[in-house]
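Here are the chains, one letter per residue:
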Amino acid sequence: MTDIPSLAERVRRVRQVNAQRLQRAVILMSEKQRIFFEQLPVLLHFNHPLLPGYIQDAPCGIEHFELNRYQQGYIDELCSATGYSGIADPGRGDILSVHSMGSTGSIGQNSKSDLDIWVCHSHTMPKRDRFLLEQKCGIIANVAAGRGVEVNFFLVPDDKFTSPEEESSTLSSEDCGSAQRLLLLDEFYRSALHIAGRWLVWYLVPDEYDTIDRYDRCVADIMKELGSGSSDWFDLGTCNTISAEEFFGSALWLIYKGIHSPYKAVLKILLTEAYSAEFPETRLISQIVRRHYQFDSAYSNKMDPYYQTFIKVKNYLESRNDGKRMELAASSFYLKMTDGLSRDGRTTADSFRRAEVEDFIRNENISDAARRFVDSRSAWRVSDVRLAYHVITETLMQSYRSLSEFVKKSGISSALSDQDLGILSRKLFASFNDAPHKVMRINLNLAPDISEKELTFVHVPEGHLCAAGWYVYGAEPRPLSIAGTAPLYYDASIVNVLCWLTINRIISSSTEIHIAGRKPRGIDPGIIRKLARNVSETVSAMEVMPSNAELMAPETFRMVGIFVNTDGDDDISDDILSGDMSYAFTFGADRRNLVRNIEIAYVNSWGECYAQRFEGEGVLEQVTAFILDHVRVSRGDTDGKLRFYCWSRFSRVVIDTLRNFLFKCLEMRRISRKEGMQTFVVSIAGENITVGIDDVRAVFRKVASLLDYYNFDHMTLRRIGSELSSQIPGAIRKCASSGITQYFFQVLP
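For clarity, every value in this text was computed on a predicted model and none was experimentally measured.

## Here's the deal with the overall build of the protein
Part 1 of the reasoning: Per the secondary structure count, the protein includes 25 helices and 17 strands.
Part 2 of the reasoning: Per-residue burial for the protein yields a buried fraction of 51% across its 749 residues.
Part 3 of the reasoning: The long-range share in the protein, meaning contacts at least 24 apart out of those at least 6 apart in sequence, stands at 69%.

Below is the structure:
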């Protein structure tokens, strides 16, 4: 066993490595980041009206903080400009330490990297003071944003990871809720960069003492040996007691994050999978980094958290002969290293990073093809994004399956609260479940711009070798351009096609639209452009992230777009333009129904988009059933959320007739909840149809005349509704959603 360096030597090396990392971090920052980074401890240490972040009575003062030359100059300049003689030191130390974590000072840092700042304080800080400190940090973050610097503050009590009474938090894309605790501490320790205040004593603890039964005693001995210097240090506890439950909970949360930033999350997901494979003898990255801190004489990549993460993942995947995911891991790491890096290395920072990239490529044998694919990310097209999407989603799901097997073998329950587990599961389901009529988002921030300059739409009618519907190509409408090439997308519904193009940002305001071949009557590029704008209004509801409350509840609609007669204009001759032309279901002299097909696009409360086509003789009955199933509110609540679109010759009368009919059905459904099934008569293509509405469904029945309607045995409809209703318990009717399999359990006495 290698002799452990003396405590004095360990202290020296920890401080030396931190200084080298600080120097590296500043070199890699933009000018705006550099200025803010230097000013940051000043803004936290002082609470003065001259400085950003001032809040009356807010906690301030960083223990052992002393201004450097730049920081003193910053204060002197402010005082000179405002006539102040100076700013007095607060003479207090409410803040134990300020650390940056994440990519700062690592191989993953670039000029666009954000700053994640941990502000550590005593657990005895009163709640009001903590609130004021949060407010102070929030103001500083807003000031930074105004300067073009992204900074996130995290207030951390010194007992956060040692006290069993940890305050619960809400799961979000930035907060892991109950999903991980000690793994968060592992991530902090492996990447923490000391900015001001006390130092972390954990870095001085030798590996063999980092166990649940020896750690506290070792820390006490170190503090005793440090003597008066012990006030420079503090402890957040050990992270070497991570449970199997936490590995699984953390992996689920990381997969949740991977939905929005897959390349950023994939390495962490694979690391968690590698950790679980080593359990219970898991060797944490933070421990590996710390050992190099203690034993190496100079800073190297062996102390870099991102590099060590890659090595851990690489060794794990190679042991499983998993070349496919290994290639993705290497690509993700290469992308992290080269993000924001200029190709010519024109700055000192770029030259510095380029040399490291070349070393990585040489040492890890990254293929030229893989490099070119990642390097060309800014020029990726739909086919490239689709390829990356399938690889990444398969990796995420493979990690989920591997960790599920780990859970089964370990015989553990989830570390997540029931609420967080429900939220994560629902989010994964909503993002990756490819249900019928669902429009999938494949561009998960994989490429900055995959919009097409030209899109060619091809409509195939019924009776041909190819499936009827709409095909779209990313090319100009010349036979040589699209012949023999696969379409970007196909669906029977033109609305579904446009939803897919819109949510994946393939169609833009500058995209030139063409129609090739025989086009439906009344459909031209201008109409498709209008339709695309209308579709965009509907799917814009996806921009609002579902709340946790929405993810825990049955799905409901956020926005519904109802598109009528998308196949173009009906062939209506002028000689029938007489009689009643104000009612689209029985229109003109030949009393025809002008509603031939309806396509519905909607975004639900889980953030999913669906688009479905209805056509044929029973189109109104189909659409009525669909709307009653998905829209669970009355007319007043749907204003602005149900939008109707039509471009045919008599679009106004079509929209008015359909809107009034559907809103009447919704109102009848509302009344039926108190008074039972409601009935009314509607004329469709000259025939009288009795519509019965209750809380379950709509029942359409033909009657010969209006007189027959008034003589009709309405108990027949009510009996049908009653029989259906009695078979379905109210609790199930309330929560049931079409298109998915649901399980309801009854607790027996």
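## Section: the sheet that holds strand 9 (residues 489-491)
Part 1 of the reasoning: Spatially, 9-8-7-10 is the arrangement adopted by the four strands of the open sheet, whose pairing is mixed. The two strands at the open ends of the sheet, each matched to only one other strand, are strand 9 and strand 10 (512-516). Adjacent strand axes in the sheet meet at a mean angle of 20°, parallel and antiparallel pairs treated alike.
Part 2 of the reasoning: Alignment of strand 7 (residues 454-460) against strand 8 (residues 469-473), held across five bridges, turns out to be antiparallel. Each residue of the ladder has a partner; that of H459, found in strand 8, is W470.
Part 3 of the reasoning: Where helix 17 (residues 494-503) meets the sheet, it contacts strand 7, strand 8 and strand 9, and its direction lies at approximately 150° from that of strand 9.

## Observations concerning the state of the cysteines
Part 1 of the reasoning: Under the definition given, this model contains zero disulfides.
Part 2 of the reasoning: Free of any disulfide, C499 has its nearest cysteine sulfur in C609, 4.1 Å distant.
Part 3 of the reasoning: A relative accessible area of 0% means that C499 is categorised as buried.

## With respect to unusual backbone geometry
Part 1 of the reasoning: In the segment running from F279 into P280, the intervening peptide bond is cis, with an omega of 10°.
Part 2 of the reasoning: Within the secondary structure layout, P280 lies in the loop between helix 8 (262-278) and helix 9 (285-295).
Part 3 of the reasoning: A positive phi angle, near 65°, is found at H64, a position not held by glycine.
Part 4 of the reasoning: Considering the arrangement of structural elements, one finds H64 in the loop between helix 2 (31-45) and helix 3 (69-82).
Part 5 of the reasoning: Owing to a relative accessible area of 44%, H64 belongs among the partly exposed residues under this scheme.

## Notes on helix 2
Part 1 of the reasoning: With 15 residues, helix 2 should cover 21 Å at 1.5 Å per step; its first-to-last C-alpha distance of 22 Å lies within 8% of that length.
Part 2 of the reasoning: The largest bend along helix 2 reaches roughly 35° and is located at Q39, with the proline P41 sitting one to four residues downstream.
Part 3 of the reasoning: Along helix 2, the positions that sit buried rather than exposed are Q33, F36, F37, Q39, L40, P41, V42, L43, L44 and H45.

## Brief notes about the environment of C609
Part 1 of the reasoning: Inspection of the secondary structure assignment puts C609 in strand 13 (residues 609-615).
Part 2 of the reasoning: According to the relative accessible area criterion, C609 is buried, its value standing at 1%.
Part 3 of the reasoning: Along the sequence, C609 and C499 sit 110 residues apart, while their C-alpha atoms lie 8.0 Å from each other.
Part 4 of the reasoning: When neighbours within four sequence positions are excluded, C609 is seen to be in contact with H437, K438, V439, C499, V539, M542, Y602 and V603.

## Re the side chain of K438
Part 1 of the reasoning: Structurally, K438 is set in the loop between helix 15 (418-432) and strand 7.
Part 2 of the reasoning: Under the relative-accessibility criterion, K438 is labelled buried at 6%.
Part 3 of the reasoning: Separated by 2.5 Å, the side chain of K438 and the backbone oxygen of A430 make a polar contact.

How each quantity is defined
- Residues numbered from 1 in each chain as written.
- Predicted model: local features only at pLDDT ≥ 70, side-chain atom pairs only at ≥ 80, totals over all residues.
- Heavy atoms only, no water.
- Helix = DSSP H or I, 4+ residues; strand = E, 2+ residues; numbered from the N terminus.
- Buried < 20%, exposed > 50% of the residue type's maximum accessible area, 1.4 Å probe, protein only.
- Contact = heavy atoms within 4.5 Å.
- Pairing = 2+ DSSP bridges.
- Axes fitted to C-alpha atoms, helices over the stretch in contact; angles between N-to-C directions.
- Disulfide = S-S within 2.5 Å.
- Expected span 1.5 Å × (residues − 1).
- Bend = angle between axes of the 7 residues up to and from the residue.
- Polar contact = N/O pair within 3.5 Å; in protein donor to acceptor, adjacent residues only side chain to side chain.

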